[in-house]
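Each chain, written out:
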Amino acid sequence: LTQSIGGGTGSGMGTLLLLKIRDNYPDRITATFSVYPSPKVSDVVVEPYNATLSIHQLLENSDETFVIDNEALFSISHNVLKQKEPKYSDLN
């Protein structure tokens, strides 16, 4: 499951989907690739709140969670790729 846990859909619907997958297929290994919010890239106030509420669900219902840091993506885009103002489409 790939999700951004800063937004409402990724944190709410994504974790609900993960719970349903865990309930229906308890013998399967589940892995999530979760993009965590960053203050440099974020323009939504509730992203840290959504991320905090999602972390518990990820710990309970996922066997493997791979964290992708939005701020690290921003730094790579800015420093390595030499983009002055990385846009949302550049980071994704």
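So, how was this worked out
- Residues numbered from 1 in each chain as written.
- Predicted model: local features only at pLDDT ≥ 70, side-chain atom pairs only at ≥ 80, totals over all residues.
- Heavy atoms only, no water.
- Helix = DSSP H or I, 4+ residues; strand = E, 2+ residues; numbered from the N terminus.
- Buried < 20%, exposed > 50% of the residue type's maximum accessible area, 1.4 Å probe, protein only.
- Contact = heavy atoms within 4.5 Å.
- Areas by Shrake-Rupley, 256 points an atom, 1.4 Å probe, with all protein chains shown as cover.
- Lys, Arg positive; Asp, Glu negative; His and termini not counted.
- Charge placed at Lys NZ, Arg CZ, Asp CG, Glu CD.
- Patch = residues over 30% accessible without salt bridge, like charges linked within 9 Å, V, L, I, M, F, W, Y side chains within 5 Å.
- Salt bridge = Lys/Arg side-chain N within 4 Å of Asp/Glu carboxyl O.
- Pairing = 2+ DSSP bridges.
- Axes fitted to C-alpha atoms, helices over the stretch in contact; angles between N-to-C directions.

## What to know about the overall build of the chain
- Within the chain, the secondary structure is distributed over 4 helices and 3 strands.
- Ordering the α and β elements of the chain from the N terminus gives β-α-β-α-β-α-α.
- For the chain, the spread of C-alpha atoms along the three principal axes comes to 45 × 25 × 20 Å.
- By residue count, 29% of the 92 residues in the chain fall in the buried class.
- Contacts in the chain between residues at least 24 apart in sequence constitute 71% of all its contacts with a sequence separation of at least 6.
- Here the chain displays about 6,300 Å² of accessible surface, and carbon together with sulfur accounts for 59% of that area.
- Distance between charge centroids for the chain: 7 Å, based on 7 positive and 11 negative side chains.

## Some details on a nonpolar patch on the surface
- There is a patch of nonpolar side chains on the surface, built from V44, V45, V46, Y49 and L53 and spanning about 520 Å² of accessible area.
- Mapped onto the elements, L53 comes out in helix 2 (residues 47-61).
- Its relative accessible area of 49% is what places L53 among the partly exposed residues.

## A few points about the sheet that holds strand 2 (residues 31-36)
- Ordered in space as 1-2-3, the 3 strands form an open sheet in which the pairing is parallel. The open sheet is flanked by strand 1 (2-4) and strand 3 (64-69), the only strands paired with a single partner. Going from strand to strand, the sheet's axes swing by 25° on average, the running direction of each strand aside.
- Inspection of the sheet shows strand 1 paired to strand 2 by 3 bridges, in the parallel sense. Looking at strand 2, one finds that T2 is bridged to F33.
- Those strands touched by helix 2 are strand 1, strand 2 and strand 3, and its axis lies near 160° from that of strand 2.
- In the packing of helix 3 (residues 70-80) onto the sheet, the strands contacted are strand 2 and strand 3, and the crossing angle to strand 3 comes to about 45°.

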